[in-house]
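Geometric and topological summary
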Amino acid sequence: MNMMNPDISLSSEIPETEPERQYYYIEKAKTYVAKLSEELGRRPTFCVTTFGCQMNARDSEKLVGILERIGYTEEAAEEKADFVIYNTCTVRENANMRVYGRLGQLNRVKKKNPHMMIGLCGCMMQEPKVVEKLRKSYRFVDLIFGTHNIYKFAELIVTCFESKRMVIDIWKDTDRIVEDLPSERKFSFKSGVNIMFGCNNFCSYCIVPYVRGRERSRDPRAIIREIERLVADGVVEVMLLGQNVNSYGKTLEEPMTFAELLQEIEKIEGLKRIRFMTSHPKDLSDELIEVMKNSKKICRHLHLPMQSGSTEILKKMNRRYTKEQYLELVTKIREAMPDISLTTDIIVGFPGETEEDFLETLDVVQKVRYDSAFTFIYSKRTGTPAATMENQIPQDVIKDRFDRLLEEVQNISAEVCSVHTGKIMTALVESINDHDASLVTGRLNNNLLVHFPGDETLIGKLVDVKLDECKGFYYIGTQV
Ligand code: 5AD
Ligand code: SF4
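First, a word on what this report is: a plain description of the structure on this page. Everything numeric in this text was worked out from a predicted model, so none of it was measured.

Within the structure, ligand 2 sits among C199, N201, F202, C203, Y205, C206, V208, P209, Q243, H280 and R319. By residue class, the composition of the shell around ligand 2 is seven nonpolar, three polar and one charged.

Right, dumping it as structure tokens:
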């Protein structure tokens, strides 16, 4: 049976195996959506809002794939949609606050529009306290599910249509990966591809291992098959996704390294660019550096989260590398690929961070000279070891360090990015420019953006562009 277009009959028994079971529920959901459509006198609409990382963005494409398949159409304005879904993030506290804030607004809209359905999923829902709070104080929410059972979305929608009560389905963990479900890409020419799920690192500040579960890798054949299909459908660039891609393959029956997987993906004809994230410095192998160096398709960009430059803090963070090891790794990468673009994540104000520790972080920033860095204020996540550590840092001290770090990072990144001025580089055109419709926006191999005159016929094409002027972290250019 062709899983993307299966032949399912509602009169037969409900299949027990996946993904057949979900295709059955897709057919069933269609009947409910058709009924709703008749009542409304138009096709019902949905609006999915994604918080957080690229993993969530990819998950949302799977949600959209199901929604469109069962008969909903997309509506950009949330307050007009018949089905509103928040795919949430919980990596920092402020992500949670935003969700509660927006739910408050949605409640007012739903009072005027009682048939509106509200669904919540993603990492935040894996926290029992959150679900408890929603159950008590946010009764107007219709559906709550987590990260492990997102593949059951069609089945959950059917349960929702058949029940008047709040539907909650959260799993603690899972070892299963369901393949071959529909998804609807946001971009026709590029796509994220999950290669693994979960994380086993337990960095002491991070909630991800608790909400995304244990690390498990997808079968390489399933990954290759998915990319081949994407390429046949017009995709030229893939972003391989995992919390720690460098430990890909360890849990497979026939273990395989990430570098080996990359070499297999490189062979796929028609695929032009390969990106991946995120790399953990402790697992980045010489083999990977070698494969990147010799590759024609892997982009010259590495996102290598440093988190802190202080060996002492890194130890408390359970990162399992020292400042010196991190710097040595950067040197090795740069020796192999002098033109590589390096980006990072940094946390300021981890418990016990002294001014000296912070200066070590600044020192790494000055030594590595990142193309760009995401800087975060430490956020206490209940349940993580760091949350109960002594010496939580006062907010004013954190704020001062954060501002100093940001300034340094931005000054360096403006200098580093400008070195390409005058060069001709290839850009994959992604969109019409947000501010000026006579320009298009393209992404260079090194992940920088360039804006240049062009129209929508260029979208999805790889074009050579002269980088005329650097504007800090992007370029203005001309097609050559
Ligand atoms: N507080 C602040 N930043 C965090 N990150 C993860 N957990 C926390 C936290 N508790 C950051 C890390 C990670 C990025 C995705 O989010 O820098 O690399
Ligand atoms: Fe969190 Fe560390 Fe896993 Fe990244 S590697 S998801 S920071 S625990």
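It is worth spelling out the packing of helix α3 (residues 93-112) against helix α4 (residues 128-137) at this point. Between α3 and α4, the shortest axis-to-axis distance is 13 Å and the interhelical angle comes to 10°. Of the possible angle classes, the one that applies to α3 and α4 is roughly parallel. Like other packed secondary-structure pairs, α3 and α4 cross with a definite hand, here right-handed. Only V130, K133 and L134 of α4 make contact with α3, whose side of the interface consists of N96, Y100 and L103. Taken together, the residues of the contact of α3 with α4 break down into four nonpolar, one polar and one charged.

Right, let's get into the packing of helix α12 (residues 355-368) against helix α13 (residues 395-417). Relative orientation of the contacting elements α12 and α13 amounts to 10°, with a least axis distance of 10 Å. Comparing their axes, α13 and α12 come out roughly parallel. Contact residues: E355, F358, L359, T361, L362, V365 and Q366 in α12; R401, R404, L405, E408, V409 and I412 in α13. Counted by class, the contact of α12 with α13 contains seven nonpolar, two polar and four charged residues.

By the element assignment, R275 lies in strand β11 (residues 273-277). Setting aside residues up to four positions removed in sequence, R275 forms contacts with E237, V238, M239, L240, C299, H301, R443, L444, N445 and N447.

Before going further, it helps to spend a moment on the packing of aromatic side chains. Each aromatic ring pair is summarised here by two numbers: the centre-to-centre distance and the angle between the ring planes. Inspection of every chain in the model, using the stated rule, returns 16 aromatic pairs. Each residue in the set Y72, F83, F145 and F153 is aromatic and connected to the rest through ring pairs, giving one cluster. The aromatic ring of F376 is capped on one face by R92, whose charged end is 3.8 Å from the ring centroid. A cation over a ring is seen here: K133 above Y100, with NZ or CZ 4.0 Å from the ring centre.

Quick look at helix α1 (residues 20-40) now. Along its 21 residues, α1 runs 30 Å from first to last C-alpha, staying within 8% of the 30 Å computed at 1.5 Å per residue. Every buried residue of α1 is listed here: Q22, Y23, Y24, Y25, I26, A29, Y32, V33, L36 and S37. Packing partners of the buried residues in α1 comprise α2 (54-69) and α5 (153-162). Count one or two residues on from α1 and you reach G41, which has phi positive near 75°.

Before going further, it helps to spend a moment on the side chain of H148. Structurally, H148 is set in the loop between β5 (143-145) and α5. Assessed through its relative accessible area of 4%, H148 is described here as buried. A polar contact of 3.3 Å, which involves the side chain of H148, links it to the backbone oxygen of K172. Here H148 is in contact with Q126, W171, K172, D173, T174, V211, R212, G213 and R216, once residues within four sequence places are set aside.

Each value, and the rule that gives it
Residues numbered from 1 in each chain as written. Chains lettered and ligands numbered in written order. Predicted model: local features only at pLDDT ≥ 70, side-chain atom pairs only at ≥ 80, totals over all residues. Heavy atoms only, no water. Near = heavy atom within 4 Å. Nonpolar A, V, L, I, M, F, W, Y, C, P; charged D, E, K, R; others polar. Axes fitted to C-alpha atoms, helices over the stretch in contact; angles between N-to-C directions. Helix = DSSP H or I, 4+ residues; strand = E, 2+ residues; numbered from the N terminus. Parallel < 35°, antiparallel > 145°, perpendicular 65-115°, else oblique. Left-handed = near helix turned anticlockwise from the far one by under 90°. Contact = heavy atoms within 4.5 Å. Phe/Tyr/Trp six-rings, centres within 6.5 Å; stacked < 30°, edge-to-face > 60°. Lys NZ or Arg CZ within 6 Å of the ring centre and 35° of its normal. Expected span 1.5 Å × (residues − 1). Buried < 20%, exposed > 50% of the residue type's maximum accessible area, 1.4 Å probe, protein only. Polar contact = N/O pair within 3.5 Å; in protein donor to acceptor, adjacent residues only side chain to side chain.

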